[in-house]
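Commentary on secondary and tertiary structure
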Amino acid sequence: MSTFRLADVPMGIDRTAGFQYVRAAGDVVQAADDGTWLLTSEEAVRFAQHNPAIFSSAGAIADQSAGMLPMPPVAVDRPDHTKYRKVLDPMFSPRVVNAMEDELRCQVRDLIAAFADRGECDAVAELARLYPAQVFLTFFGMPLADRDQLLDWVETILDNGNGVGTAQGSPAVVDSATALLTYIADYIERKRQSPGDDVLSRVLALQGDEAWKVEELLGFTFIFTMAGLDTVAAAIGFAMRNLALNPDLRRSIIADPALLGPFIEESLRFEPPAHLVTRITTQDVDVCGVRIPKGETVSLYLGTANRDRNRYADPDAFDLSHSDTGHLTFGGGIHRCLGSHLARGELRLVIEEFHRLIPEYQVPPGFEPEVKWPAATLRLASLPLTFPTTTSR
Amino acid sequence: MVRLHIDYDLCSGNGRCYALFPDLFTDDENGYGQTVDGGRVSDHELARRATLCCPEKAITAEE
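These numbers were taken from a predicted model, which means no experiment stands behind them.

The subject of this paragraph is the overall build of chain B. Within chain B, the regular secondary structure consists of two helices and five strands. The helix and strand sequence of chain B, counted from the amino end, reads β-α-β-β-β-α-β. For chain B, whose C-alpha radius of gyration is 10 Å, the value lies close to the compact-globule estimate of 11 Å for 63 residues. With respect to the three principal axes, the spread of C-alpha positions in chain B is 30 × 20 × 15 Å. In chain B, which comprises 63 residues, the share counted as buried stands at 38%. At a minimum sequence separation of 6, the contacts of chain B that also span at least 24 residues come to 58%.

The next subject is the overall build of chain A. Scanning chain A from N- to C-terminus turns up 16 helices and nine strands. Compactness check: chain A gives a C-alpha radius of gyration of 21 Å against a globular reference of 21 Å for 393 residues, within 12% of the reference. Here the C-alpha coordinates of chain A stretch approximately 65 × 55 × 40 Å along the principal axes. In chain A, which comprises 393 residues, the proportion classed as buried is 48%. Across chain A, contacts joining residues at least 24 apart in sequence account for 70% of those joining residues at least 6 apart.

Turning next to the interface of chain B and chain A. Each partner contributes to the interface: chain B provides 15 residues, whereas chain A provides 17 residues. A breakdown of the residues in the side of chain B that touches chain A according to their chemical character gives four nonpolar, six polar and five charged.

The next point concerns the confidence of the model for chain A. Residues with a pLDDT of 70 or more make up 95% of chain A, whose mean pLDDT is 94. pLDDT under 50 marks residues 163-167 of chain A. Its contacts with residues more than four places away, or in other chains, come to 19 contacts.

All names here are of chain A. The mixed open sheet is built from five strands, whose spatial order is 1-2-8-5-3. Whereas interior strands pair on both sides, the edge strands pair on one side only; in this sheet they are strand 1 (28-30) and strand 3 (55-56). With five bridges joining them, strand 5 (residues 276-281) and strand 8 (residues 297-301) adopt antiparallel strand pairing. Across the sheet, residue V277 finds its bridge partner in strand 8, namely L300.

Residues and elements named next belong to chain B. Strand order in the open sheet made by the three strands is 4-1-5, with antiparallel pairing throughout. Where the open sheet ends on each side, the last strands, each with one partner, are strand 4 (40-41) and strand 5 (59-62). As judged from the four bridges shared by strand 1 (residues 2-6) and strand 5, these two strands associate in the antiparallel manner. Bridge assignment links R3 to a residue of strand 5, and that residue is E62. Contacting strand 1, strand 4 and strand 5, helix 2 (residues 44-52) runs over the sheet at an angle of about 155° to strand 5.

Now for the packing of helix 7 (residues 130-139) of chain A against helix 16 (residues 340-357) of chain A. Residue and element names in this part refer to chain A. Interhelical geometry of helix 7 versus helix 16 gives an angle of 130° and a closest axis separation of 11 Å. By the angle between their directions, the pair helix 7 and helix 16 is classed as oblique. Crossing handedness for the pair helix 7 and helix 16: right-handed. Counting all contacts with helix 7, which are made through Y131, P132 and V135, the residues of helix 16 involved are L342, E346 and V350. Per-class residue counts for the contact of helix 7 with helix 16 are five nonpolar, no polar and one charged.

Attention shifts here to helix 2 (residues 42-49) of chain A. Most of helix 2 of chain A sits out of view: six of its eight residues are buried. Buried within helix 2 of chain A we find E42, A44, V45, R46, A48 and Q49 of chain A.

Conventions adopted
- Residues numbered from 1 in each chain as written.
- Chains lettered and ligands numbered in written order.
- Predicted model: local features only at pLDDT ≥ 70, side-chain atom pairs only at ≥ 80, totals over all residues.
- Helix = DSSP H or I, 4+ residues; strand = E, 2+ residues; numbered from the N terminus.
- Rg over C-alpha atoms; globule rule 2.2 N^0.38 Å.
- Buried ≥ 20, exposed ≤ 12 C-beta atoms within 10 Å, placed from the backbone.
- Contact = placed C-beta atoms within 7 Å.
- Nonpolar A, V, L, I, M, F, W, Y, C, P; charged D, E, K, R; others polar.
- pLDDT = per-residue confidence, 0-100.
- Pairing = 2+ DSSP bridges.
- Axes fitted to C-alpha atoms, helices over the stretch in contact; angles between N-to-C directions.
- Parallel < 35°, antiparallel > 145°, perpendicular 65-115°, else oblique.
- Left-handed = near helix turned anticlockwise from the far one by under 90°.

Rendered as structure tokens:
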């Protein structure tokens, strides 16, 4: 085993330094922390993504806090995976996201209006963290009034674990997971009694071979909250940081809305919140000349795959022209992030509405935005911003 | 004239093609891309850029 340890990676202040450190360990490296294998090159990551029978998701994302619940589609292999995605993809397609735009735009506008007259805010605590939770509640047909309770449960589970679904069984985690599952189960029953136009009701309406068991819907909704809230919050935090620190770029995006899409893609490429995803090998396999035995835990390191010099000439530069070339922040292969279209929509609405009310803003001098490390999700803990208020402008 | 082709063994519904090149691609109800007009494109440079946008490298251009 190498001497490389994930815990030693200098990720806190600067992701470029962190990713360079990871990449320098080699295309394929076994971390000394816990024996997990890391695939760091684009070629190695793609090989794993395109061989899901060898790099299994079943068992790779076992959630102790949620007991033995099935976690479709994230922790399911083919052929069942195909069945789940066939049902879920149309519910999270760009068409569906676009149809929700007006409502989702109003929600983010309200969040920003709450601090727009104050001259300062924490863009993570008051915006990035809250909005994805509201969008989840909206899509799943639950009341926005439950947002803070939902966040409390989800954050307790995630903050006390070291990855999606790898939460340790501390009493606080078990209590939160139990409360969250009870909450979801209660809504599944309510939607069965009185269906609405939401994800829970649509899954419950499936008939015959397509129909899901209650525990499948429970597990899916649970894992959606684990994977889809803090990752989007993280992406919003990084994007707002990039805009705050680059006033020229920000002004050019405000002047030319066609630059917003490329900016969002480059922000996503530069700092993928889910910097790694985990698989279990089902057989011995050679990756880039390195033999990985059967039954090993393998991390597909998306952070470095997005910085691969075979894909980008200057991968460590933040450059909107990189958006011409697709990135791997939403993963790839059959497990491509189900919520990717939703996440992109949320990022666009946040930035559009923020700039409508607050076009000029900055990070207070002396504050250095930092991520917690090691962590399953890379995200800024806090992003204070100051700006002229409407009255002072 | 080149012809764009989507390899559905590789396409995973990222949706970049129709978001970035709405004249060349459209989406189906599952969010997967489809070529427009049989994938026929007269602008070679445009077609080349369209092949790059796919994270899965599922799009190819044939002369």
